[in-house]
Amino acid sequence: MPNLSKLKREKMMVFLAQLKKEHHDNDESLIAIGEIENALNEKKYGLLWEEHEESVDIKMRSHIPVFTEDLSREISSYSSKEYNFLLEGDNLHSLRLLQKTHLGKIDVIYIDPPYNRGKNDFVYDDDYVGSEDSFKHSKWLSFMEKRLRIAFSLLSEDGLLFVSIDDNEQAALKILLDDIFSESNFIISIPRITKKSGKTTGSFSKNHDYVMVYTRQNKNIFVMEEHTDPHFDKEDEWVEERGKYKQNQTLDYDSLSYSASLDYPLVIDGETFYPGGSKEGWEERQNGNHKRADWAWRWNKKLFDFGYKNGFIAINRKADGSARIYTKTYLNAVIKKDEKGEYYIDYIKRTKPLSSIGLVENEYSNDNAKKDLAVFGLKDDFDYSKPVELIKRLIKNHYNKNAIVLDFFAGSGTTAQAVLELNIEDGGNRRFILCTNNQNNICEEVTYKRCKDVITSYHYCKDRKTVLMEHKITLKDFKSSTINDEIAELKKEHKKEYDKFATEIKKGYVYLYGVTVFQEYRGIPANMKYYRTDYVSRDAEYLSDALLEHISEMIQIEHGIKLDGKEYVLVLDDTDADNLEERWNEFPDLKAVYVSSNVLFTTKQNEMLKNTKLYVIPDYYFNFELREEGETW
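Every value quoted in this text rests on a predicted model; they were computed, and no experiment measured them.

Student: Can you break down the overall build of the chain residue by residue, with the values?
Tutor: Along the chain, the regular secondary structure elements total 20 helices and 29 strands. Relative to a compact globule of 633 residues, whose C-alpha radius of gyration would be 26 Å, the chain shows 33 Å and is clearly more extended. Taken along its principal axes, the extent of the C-alpha atoms in the chain is 105 × 80 × 60 Å. Counting across all 633 residues of the chain, residues that qualify as buried make up 46%. For the chain, restricting intrachain contacts to residue pairs at least 6 apart in sequence, the fraction spanning at least 24 positions comes to 73%. Carbon and sulfur atoms make up 48% of the accessible area of the chain, which amounts to about 34400 Å² in all. Looking at charge distribution, the chain has the averaged site of its 90 positive side-chain charges lying 7 Å from that of its 110 negative ones.

Here it is as structure tokens:
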């Protein structure tokens, strides 16, 4: 079938070509015709919207964006560790500067942008976008498109993007992200529980939103979570290397097609065992009297001998003296066969991927976000804050435990807490960069306060839970339950083994856990700097000098360090180099020197610095803007 739209375009292009000939001497007409041709040749699949300009765009025409550090808000509780950053101001401004320092360097981006519900949740140019605004969708798309294009440029090739969204803009966002990231880099859209009960719309209660997942380029970046199954509840002498085991499979079975090669007697310590437990039945089968599916062993004789020798076999006896053979399934060990047909033990870590419906557990709901904030004496001024467990669960999908994590809709600062907790839990060294505006003093009074409290006073325990009881709830429990007595008895029995106990009701089961506390913190050690977005006028009399005043902020955020004049030193001119030489004995812990390209070290200074890391302050910070204004430095 023909492409009708294409035929119409071609017909109009022929007409425009005719108009060009008729108006070949009229420049204004030719320019207008050219614009029409461009519009006709633009892509014909995707989102179309009225493009809107923001005040920050207009400001950046006459001013150059910079960061200004608020030294009074620096938090330093971890010596010799890299710094995290909280950036206060319009996130488009911050993203433009991060393009200079972190182009292709961000590993994980999580954002929770405004959902554009028309209920004062989306501010565009200092004004709320209401449901009656006829341009509410195009304003939102203009707003998001600029930021997401920069986000794409910031991600490394192994970068990963998570975006929370609900039905108001989910469809539009999917098409926008497909355009920016390409449809081939779309991974999944995961439903997430928001709350157990919600306001009804028609016949439905709205209890979920989504997390959209995209990669930058490489899809080979995901790690699966280590899986501890409560059904692995038994221990033996190999527990340290193999983990616990479960005993839920007998060695004999009759559910598959009968195999004569697997129907043999087993002699263990002088006792003979037959599949199905009957010698007579075995003799009948040997005479050819067997069903299509009949009794046999699951393992051949060679595998059984290896498994028995290495403790993978258990013999369970009943009170009447009868016995049955079971196999042990270990949490972290399996039997495998090599290329020569010989069996060996392979040690593994059982893992599981994040399910497409894995975020519907209540721990990922907004109710838990409110509890997270309450710990810091904060109310949920955002109404839709996300819980720490959600962000942790998403971030640890990425293989890099030293990832740089960016959140440019940081809100209440959940991402900062998630990054620092996750580092404790898995030994990582991730860093965060948060961007948020200061509308209603949110950045200062909520985001910063939470970050500061997490680093200086938050009580955090790293522990391990061991399942002591797993009880399926039945109708009998509602009449005369002994669960409380069982729990009390188990607590008494294991009192000396665990630091504390915890109970939980989940998916129709009651669980009792023994909790071992490994580490306990009053404040999670970390460092953080606080920047505000600022501007330098392009008309400044000494523009290069004005920009030079903000170079230290750019160096610090790019390298994650503090220019303290001791371990990390800034050298902007020959005078600074001479001062460094004169005071060289005062820098025993010097790690790196950041030097202007205009500085020419002497032979003596080069010899002095030969074992010190030298970084030339890059032109890409502000050289483009200086060239635009006819200045270089």
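Having seen the model, we can carry on.
Student: Could you give an account of the pattern of salt bridges, with specific residues and numbers?
Tutor: Per the counting criterion, the structure on display carries 42 salt bridges. Ionic pairing is found between aspartate 236 and lysine 328, a salt bridge with its closest N-O pair at 3.1 Å. Highlighted residues: aspartate 236 in the loop between strand 10 (225-226) and helix 7 (239-242) and lysine 328 in strand 17 (residues 323-330), separated in sequence by 92 residues. Like lysine 328, aspartate 236 is buried. The shortest N-O distance in the salt bridge between arginine 583 and glutamate 586 comes to 3.0 Å. Look at the salt bridges and you will find they share partners, linking Glu54, Asp57, Asp90, Lys146 and Arg147 into a network.

Student: Any details on the sheet that holds strand 23 (residues 459-472)? Residues and values, ideally.
Tutor: Note on sheets: strands pair through backbone hydrogen bonds, and any given pair is parallel or antiparallel. With antiparallel pairing, 3 strands are arranged side by side in an open sheet as 23-25-24. Of all strands in the sheet, those with a lone pairing partner are strand 23 and strand 24 (500-506), marking the two edges. On average, each strand axis in the sheet is inclined to that of its neighbour by 30°, with strand direction left out of account. As paired strands, strand 23 and strand 25 (residues 509-522) are joined by 13 bridges and run antiparallel to one another. Residue glutamate 470 lies in a different strand from strand 25, and its bridge partner there is tyrosine 511.

Student: Explain the nonpolar core to me, using residue names and the numbers behind them.
Tutor: One finds Leu87, Leu98, Ile109, Leu177, Leu406, Phe408 and Phe622 to be the most contacted residues of the largest nonpolar core, which totals 66 residues. In terms of residue count, helix 5 (residues 136-154) provides more of this core than any other element does, 9 residues in total. Aside from chain neighbours lying at most four places away, what touches leucine 98 is Leu87, Leu103, Leu154, Leu406, Ile433, Cys435 and Ile557. With 45 residues, the next largest nonpolar core counts Leu359, Ala410, Ile424 and Val454 among its residues.

Student: Could you give an account of the packing of aromatic side chains, with specific residues and numbers?
Tutor: Applying the stated criterion to the full structure yields 22 aromatic pairs. Relative to tyrosine 214, the ring of phenylalanine 181 lies with its centre 5.7 Å away and its plane at 50°, an arrangement referred to as tilted. Highlighted residues: phenylalanine 181 in helix 6 (residues 170-181) and tyrosine 214 in strand 9 (residues 208-215), separated in sequence by 33 residues. Owing to a relative accessible area of 1%, phenylalanine 181 belongs among the buried residues under this scheme.

Student: Residues and numbers for the pairing of strand 19 (residues 343-347), please.
Tutor: Across 5 bridges, the pairing between strand 18 (residues 333-337) and strand 19 is antiparallel. Within strand 19, the position partnered with lysine 336 by the bridge is tyrosine 344. In sequence, strand 18 turns back onto strand 19 through a hairpin of 5 residues, with glycine 341 there showing a positive phi of about 85°.

Student: Now, about the sheet that holds strand 11 (residues 245-250): what can you tell me, with residues and values included?
Tutor: The 3 strands are arranged 11-17-16 in an open sheet whose pairing can be described as antiparallel. At either margin of the open sheet sits one strand with a lone partner, and together these are strand 11 and strand 16 (313-317). Neighbour to neighbour, the strand axes of the sheet diverge by 40° on average, direction disregarded. In this sheet, strand 17 lies alongside strand 16 in antiparallel orientation, the contact comprising 5 bridges. Among the inter-strand pairings, asparagine 316 is bridged to a residue of strand 17, identified as arginine 324.

Student: Could you give an account of the state of the cysteines, naming the residues involved and the relevant values?
Tutor: Under the counting rule described, the total for this entry stands at 0 disulfides. For cysteine 435, which is in no disulfide, the shortest distance to another cysteine sulfur is to cysteine 443 and amounts to 9.6 Å. Of all cysteine sulfurs in the structure, the one in cysteine 443 sits closest to cysteine 451, which takes part in no disulfide; the separation is 8.3 Å. Judged by its relative accessible area of 3%, cysteine 451 is buried.

Student: Residues and numbers for helix 6, please.
Tutor: Each α-helix winds once per 3.6 residues, and so residues spaced three or four apart point in a common direction. Between its first and last C-alpha atoms helix 6 spans 16 Å; for 12 residues at 1.5 Å apiece the expected length is 16 Å, and the two agree. Within helix 6, 9 of the 12 residues are buried, which leaves it mostly tucked inside the rest of the structure. Taken together, the buried positions of helix 6 are occupied by Gln170, Ala172, Leu173, Lys174, Leu176, Leu177, Asp178, Ile180 and Phe181. Close packing links the buried residues of helix 6 with helix 5, strand 5 (155-165), strand 6 (186-193) and strand 9. One or two positions beyond helix 6, positive phi appears at serine 182, with a value near 85°.

Student: Give a detailed account of the side chain of aspartate 209, specifying residues and quantitative values.
Tutor: Looking at where aspartate 209 falls in the secondary structure, it is placed in strand 9. Exposure remark for aspartate 209: the relative accessible area of 2% places this residue in the buried category. A polar contact of 2.9 Å, which involves the side chain of aspartate 209, links it to the side chain of tyrosine 115. Aspartate 209 has contacts with Tyr115, Ile165, Asp166, Ile190, Pro191, Arg192, Thr194 and Lys386, leaving out every residue within four places of it along the chain.

Student: Please provide a residue-by-residue account of the environment of asparagine 310, values included.
Tutor: Counting through the fold element by element, asparagine 310 comes out in the loop between helix 9 (301-309) and strand 16. Taking the C-alpha atoms as reference, asparagine 310 lies 9.8 Å from tryptophan 238; in sequence the two are 72 residues apart. Excluding residues that lie within four positions of it along the chain, asparagine 310 makes contacts with Trp238, Arg242 and Ile345.

Conventions and cut-offs
Residues numbered from 1 in each chain as written. Predicted model: local features only at pLDDT ≥ 70, side-chain atom pairs only at ≥ 80, totals over all residues. Heavy atoms only, no water. Helix = DSSP H or I, 4+ residues; strand = E, 2+ residues; numbered from the N terminus. Rg over C-alpha atoms; globule rule 2.2 N^0.38 Å. Buried < 20%, exposed > 50% of the residue type's maximum accessible area, 1.4 Å probe, protein only. Contact = heavy atoms within 4.5 Å. Areas by Shrake-Rupley, 256 points an atom, 1.4 Å probe, with all protein chains shown as cover. Lys, Arg positive; Asp, Glu negative; His and termini not counted. Charge placed at Lys NZ, Arg CZ, Asp CG, Glu CD. Salt bridge = Lys/Arg side-chain N within 4 Å of Asp/Glu carboxyl O. Pairing = 2+ DSSP bridges. Axes fitted to C-alpha atoms, helices over the stretch in contact; angles between N-to-C directions. Core = buried A, V, L, I, M, F, W, Y, C linked by side-chain atoms within 4.5 Å. Phe/Tyr/Trp six-rings, centres within 6.5 Å; stacked < 30°, edge-to-face > 60°. Disulfide = S-S within 2.5 Å. Expected span 1.5 Å × (residues − 1). Polar contact = N/O pair within 3.5 Å; in protein donor to acceptor, adjacent residues only side chain to side chain.

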